[in-house]
Amino acid sequence: MTDTTTGTAKVTLPADDQILITRDFAAPRQHVYRAWITPELVKRWWAGKGGTVTSVDIDLRVGGQWRYVMLANGNFEVAFHGEYREITPNERLVHTEVYETPGAEDMEAPVVTVTFAESGGRTTVTMLTETHTKELRDAILESGMEGGMQTSMDALEEVAVSLN
């Protein structure tokens, strides 16, 4: 299981208010999921090559909050937070996701559905972000999200493979 899949996350736009990211990982589902929900493991992958994770808080229960903070390479802080709405261990997470920037508190939070599917010892993760407006979807796409996400997903795979 060492055939890693660097830089292969695929971004599609199924609807005007949706972003779908699909990525295959060279690790079993339980390892990818564990890397996704364990604070000390998230610290190893979430920033990718974009900086250093300084804080990860995860209260993994329906209604529980999560928050990730990183010091970006440009020496500024980037933070996201949200609330868990659904949790099916090793299979599915549904949560809100808010980029902490002025004005974000007035917007309806995007909802992200993450699914973990295993086949042949490999895991496919899909992340469907529903933004409620085309304008917010487009702003996310124009933010440079894809480049950072690709390096984060590559680092996530490294962490998940290391759990074997």
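Residues numbered from 1 in each chain as written. Predicted model: local features only at pLDDT ≥ 70, side-chain atom pairs only at ≥ 80, totals over all residues. Heavy atoms only, no water.

(A) Up close: the pattern of salt bridges. Within the structure shown, the criterion is met by 8 salt bridges. Where R23 meets E157, a salt bridge forms, and the shortest distance between an N and an O atom there is 3.7 Å. Of this pair, R23 sits in strand β2 (residues 18-25) while E157 sits in helix α4 (residues 145-162), and the two are 134 residues apart along the sequence. Among the residues examined, R23 registers a relative accessible area of 1% and is labelled buried. A residue is classified by how much of its surface remains accessible, and E157, at 2% relative accessible area, is buried. Taking the shortest distance from any N to any O, the salt bridge between K134 and D138 comes out at 2.7 Å. Taken together, the positions of K134 and D138, both in helix α3 (residues 134-142) and 4 residues apart, correspond to about one turn of that helix. Accessibility expressed as a relative area gives 36% for K134, which makes it partly exposed. The class of D138 is buried, set by a relative accessible area of 17%. (Salt bridge = Lys/Arg side-chain N within 4 Å of Asp/Glu carboxyl O. Helix = DSSP H or I, 4+ residues; strand = E, 2+ residues; numbered from the N terminus. Buried < 20%, exposed > 50% of the residue type's maximum accessible area, 1.4 Å probe, protein only.)

(B) Quick peek at α3. Taken residue by residue, α3 has L136, R137 and D138 as its buried positions. Packed against the buried residues of α3 are β2. (Contact = heavy atoms within 4.5 Å.)

(C) The arrangement of the pairing of strand β4 (residues 65-72) in detail. Here 7 bridges tie strand β3 (residues 51-58) to β4, and the two strands are oriented antiparallel to one another. Residue pairing in the sheet places S55 in a bridge with V69 of β4. If you look at the hairpin formed by β3 and β4, you'll find 6 residues sitting between the two strands, and G63 has a positive phi there, around 90°. Across 7 bridges, β4 lies against strand β5 (residues 77-88) in antiparallel orientation. In the strand pairing of β5, Y68 is matched with F80. Remark: 4 residues form the turn of the hairpin made by β4 and β5, two consecutive strands paired antiparallel; N75 in that turn has positive phi of roughly 65°. (Pairing = 2+ DSSP bridges.)

(D) Quick look at unusual backbone geometry. You will see that N75, though not glycine, has its phi angle at about 65°, which is positive. Within the element layout of this structure, N75 appears in the loop between β4 and β5. A positive phi angle is found at N90, which is not glycine, with a value near 65°. Here N90 lies in the loop between β5 and β6 (92-96). Of the residues examined, N90 reaches a relative accessible area of 27% and is grouped as partly exposed.

In short, the description is geometric, and any link to function would need to be established separately.
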